[in-house]
Amino acid sequence: MFRTFGWIMPLVRPLGIAARMSAEQHAEINIELNEIVADSDPVFDLATFPMRFLVATGASLGGTEEGLTAMRATLDPILARNPHVQVGATVPSRHTTIVRKDPRAIAAAVREVCEVRAGGVCQDATQ
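A few points on the structure. (Residues numbered from 1 in each chain as written. Predicted model: local features only at pLDDT ≥ 70, side-chain atom pairs only at ≥ 80, totals over all residues. Heavy atoms only, no water.)

Some details on the side chain of asparagine 82
Working step 1: For asparagine 82, the position within the fold is in the loop between α6 (75-81) and β2 (85-91).
Working step 2: With relative accessibility at 4%, the residue asparagine 82 sits in the buried group.
Working step 3: Of the polar contacts made by the side chain of asparagine 82, one reaches the backbone oxygen of phenylalanine 44; its length is 2.8 Å.
Working step 4: If we skip the residues at most four places from it in the chain, asparagine 82 touches Phe44, Asp45 and Ala47. (Helix = DSSP H or I, 4+ residues; strand = E, 2+ residues; numbered from the N terminus. Buried < 20%, exposed > 50% of the residue type's maximum accessible area, 1.4 Å probe, protein only. Polar contact = N/O pair within 3.5 Å; in protein donor to acceptor, adjacent residues only side chain to side chain. Contact = heavy atoms within 4.5 Å.)

Below, the structure is given as structure tokens:
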């Protein structure tokens with residue numbers, strides 16, 4: 001995918017859609033990130049504080065539906081093992097657009113963690 005779209009990356013860099021890297025570097029980083037995430041499963045067992053995931057259900061550029069479903073399924077054992085780790089929300093965005101398209105879901109997850117940490121008393125930062 002990165003080779004296919006490699007020619008357009010210099011054009012979309014000013015828009016913040018691509019980094020100042022070659023297509024090969026983009027691909028290497030993506031592969032490495034996937035390996036790091038796959039190996040981080042035991043780390044979530046150590047969480048003794050509230051942690052919330054936002055699960056994106058939208059399509060991913062270059063990802064197949066089967067691959068995305070498998071990736072989302074990796075959360076299930078983590079959620080079953082550690083009650084501190086929960087899904088804060090499931091959103092229709094892509095994982096790369098959650099911050100831009102679902103800020104309310106992010107804010108709700110942050111408020112939820114704050115309330116858990118503060119024993120139900122959490123100041124709303126917007127007031």
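Quick word on the pattern of salt bridges
Working step 1: Enumeration according to the criterion identifies 2 salt bridges in this entry.
Working step 2: In this structure, arginine 52 and glutamate 112 form a salt bridge, with 2.8 Å as the shortest nitrogen-oxygen distance. Here arginine 52, found in strand β1 (residues 51-56), pairs with glutamate 112, found in helix α8 (residues 103-117); they are 60 residues apart in sequence, far enough to count as distant.
Working step 3: Arginine 52 gets classed as buried once you look at its relative accessible area, which sits at 16%.
Working step 4: Among the residues examined, glutamate 112 registers a relative accessible area of 27% and is labelled partly exposed. (Salt bridge = Lys/Arg side-chain N within 4 Å of Asp/Glu carboxyl O.)

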